[in-house]
Amino acid sequence: MPVLPASDARFDHKVEVLVIGAGACGLTAALAAGEGGAEVLVLERDETPTGSTTLSTGLIPAAGTRLQRAAGIDDSPEQLAADFIGKAKGKTDEKMARLMGRVSAPTVEWLMERHGVEMNLVTGFLYPGHSRLRMHGTPNRTGQELEAALLAAAGRAEIDILTGALASDLYATPEGRVVAVRVTRPDGKQETVGCEALVLACSGFGGNRDMVRDFIPEIAEAEYWGHVGNKGDAVKWGMALGAATADMGSYQGHGAVATPHGNPIVWGVLMEGGIQVNALGERFSDETLGYSEQAVVVVKQPGHVAWNIYDEQREKTALQFTDYREVLSLGGIRRANTIAELARECGLPADALGRTIAAVEEMRAGHAKDTYGRDFTGKPPFAPPYCAVKVTGALFHTQGGLVVDEDARVLRPDGRALPNLFAGGGAARGLSGPSRWGYLAGAGLLTATGFGRLAGIAAAKQVRGGA
Ligand SMILES: Cc1cc2nc3c(=O)[nH]c(=O)nc-3n(C[C@H](O)[C@H](O)[C@H](O)COP(=O)(O)OP(=O)(O)OC[C@H]3O[C@@H](n4cnc5c(N)ncnc54)[C@H](O)[C@@H]3O)c2cc1C
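Since we're looking at a predicted model, the values are computed, not measured.

Peer 1: Explain the environment of G90 here, please?
Peer 2: Residue position: G90 is located in the loop between α4 (77–87) and α5 (94–114). Owing to 11 C-beta atoms within 10 Å, G90 belongs among the exposed residues under this scheme. The spacing of G90 and L133 is 43 residues in sequence and 22 Å in space, taken between C-alpha atoms.

Encoded structure:
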């Protein structure tokens, strides 16, 4: 993945804005650059574009949308920014959190209204750290639907996407201006495409074991459920060009991936009063702190697994999610009319599980306090039929990356922008601060679509002489 001298670049074809990666970030960048009048080409390593975007639940937080107003929800960009900053314990770039708060509603509404991406508001529960109902998702809550809708929009906008096109090397001047990208095709043949501006939308380094071990050793042994083709190329090129990186130890984990099915179980069942127990039938944490930080906690339990315990009333929230319905159809959800029977179904010690549930009901009634600090009051007690699903912890997405400005321009350590390089989504530093606990649900796709759109607008302006 080297950066080669610009003087060595030989190419017949040149575009104004070249985008590497056809996930949510790359496709929104391409749509925005196309709207700005630029000639755009997207390079995608896979034959069929998927990315982590397809694997995701496809939910994007946005504050102050028409959908929220219609549902009577009072929200604001400032409130969303405050939630980002609060989740990251004040250790994220507040300017960027405020920027994402401001662009969230315009980006989601632009995707819906201008580009025909069908979305509605997720109701029924709040994700950890969100103070308002503001998750916007496709009808079945799948990233597959989101990616398909973005690809359809790109098709309508006549954006060219070259698939089976691994961007393998960049050509740049000593000042860091990228003049071309070398592409390696599946048969090993190479070609070079010239560009006036380059958008790095090829995500983070979750698919690169060595980089995960170097930067985030605590999660290196967990399964990686993101896109395996995300090998950290953006970060490697950025560093070679002299760009600044930040929060490289930060990541989005998930502490409830159904095992062996591999689908994330919506956190709403826990937020609404469900619990996690380990193979000993015992709780081990405050489940409401956040699903990202819970990944490493679950992986530390015996056998690296836990069980989500809830009831059919709470399951209603989960049934709107395709991921959950798939686990259900595969027989992954256990059900029973008594706790003893549920314990047998799950192979858990019945006495211990009974004691754990009894203790939770005491806390729900306000008669006892939780050792882990969770407040159980205000939610109804468990009622039969009871449900359980076996889960593990996983790495979804790295959150550290290239430092960018408000136009998604990649910056050097001294704050100066590289001449024609932009980044967003998993390629750029996220909003999660330095560690696992700062990830606020939906930050991944908001920074992918939000920075993607900003990058496309700014890159088009630059090549068209407007900036
Ligand atoms: C199971 C799961 C659930 C999630 N749920 C949510 C959610 O509900 N909400 C949320 O906000 N976030 C969620 N996330 C995180 C979210 O998926 C990511 O933050 C987001 O998809 C990142 O978008 P992206 O465009 O930056 O990367 P991607 O969607 O991964 O796209 C990057 C693309 O670049 C391509 N690429 C990589 N290297 C090269 C190269 N050298 N040359 C050419 N192409 C290359 C890849 O093949 C890929 O198609 C979830 C993640 C997972 C794994």
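Peer 1: What should I look at first to understand the site of the ligand in this one?
Peer 2: Around the ligand there are 44 residues in total, and G21, G23, G51, G425 and G444 lie nearest to it. Every element with two or more residues in the shell around the ligand is listed here: α1 (24–35), α2 (51–55), β8 (166–172), β17 (386–398) and α15 (443–463). Tallying contributions element by element places α15 first for the shell around the ligand, with 5 residues. Here the residues of the shell around the ligand sort into 19 nonpolar, 21 polar and 4 charged.

Peer 1: Honestly, helix α12 (residues 322–329) in this entry has me stumped. Any pointers?
Peer 2: Along an α-helix, a turn takes 3.6 residues, which lines up residues three or four apart on a common side. Of all the residues in α12, the buried ones are D323, Y324 and V327. Burial along α12 is one-sided: seen end-on, the buried residues are contained in an arc of 100°. Looking at the buried positions of α12, the neighbouring elements they touch are β13 (251–258), α11 (312–318) and β17. Positive phi shows up at G331, right after α12, with a value of about 80°.

Peer 1: Sorry if this is basic, but what is going on with the packing of helix α13 (residues 339–346) against helix α14 (residues 350–364) here?
Peer 2: Interaxial distance between α13 and α14 falls to 9 Å at its minimum, and their mutual angle equals 130°. In this view, α13 runs oblique relative to α14, as classed from their interaxial angle. By crossing handedness, the relation of α13 to α14 is classed as right-handed. Residue-level contacts link I339, A340, A343 and R344 of α13 to A350, L353, G354 and I357 of α14. Within the contact of α13 with α14, the residues separate by chemical class into 6 nonpolar, 1 polar and 1 charged.

Peer 1: Looking at this model, I keep getting lost on α14. Mind explaining?
Peer 2: Under the 1.5 Å per step criterion, the end-to-end length of α14 is 21 Å for 15 residues, consistent within 8% with the ideal 21 Å. Among the residues of α14, those classed as buried are L353, T356, I357 and V360. The arc that holds every buried residue of α14, seen down its axis, measures 95°, which confines them to one face. Those residues of α14 that are exposed and aimed more than 90 degrees away from the buried face are D351 and A358. Contacts from the buried residues of α14 go to β14 (275–277) and α13.

Peer 1: Where do I start with the environment of V199 in this structure?
Peer 2: Tracing the backbone shows V199 in strand β10 (residues 190–200). Once the C-alpha coordinates of V199 and A427 are considered, the two residues, 228 residues apart in sequence, prove to be 9.8 Å apart. Every residue in contact with V199, bar those within four places of it in the chain, is listed here: V17, V19, G26, A29, F422, A455 and A459.

Peer 1: What should I look at first to understand unusual backbone geometry in this one?
Peer 2: It is generally the case that most residues other than glycine have a negative phi and that most peptide bonds are trans. Of note, the bond from T259 into P260 is cis; its omega dihedral lies within 30 degrees of zero at 10°. Assignment of secondary structure puts P260 in the loop between β13 and α9 (268–271). Residues P384 and P385 are joined by a peptide bond in cis, for which omega reads -5°. Within the secondary structure layout, P385 lies in the loop between α14 and β17. The phi dihedral of H304 is positive, around 60°, even though this residue is not glycine. With respect to the helices, strands and loops of the structure, H304 is situated in the loop between α10 (291–299) and β15 (305–311).

Each value, and the rule that gives it
- Residues numbered from 1 in each chain as written.
- Predicted model: local features only at pLDDT ≥ 70, side-chain atom pairs only at ≥ 80, totals over all residues.
- Helix = DSSP H or I, 4+ residues; strand = E, 2+ residues; numbered from the N terminus.
- Buried ≥ 20, exposed ≤ 12 C-beta atoms within 10 Å, placed from the backbone.
- Near = placed C-beta within 6 Å.
- Nonpolar A, V, L, I, M, F, W, Y, C, P; charged D, E, K, R; others polar.
- Arc of directions from axis to C-beta.
- Contact = placed C-beta atoms within 7 Å.
- Axes fitted to C-alpha atoms, helices over the stretch in contact; angles between N-to-C directions.
- Parallel < 35°, antiparallel > 145°, perpendicular 65-115°, else oblique.
- Left-handed = near helix turned anticlockwise from the far one by under 90°.
- Expected span 1.5 Å × (residues − 1).

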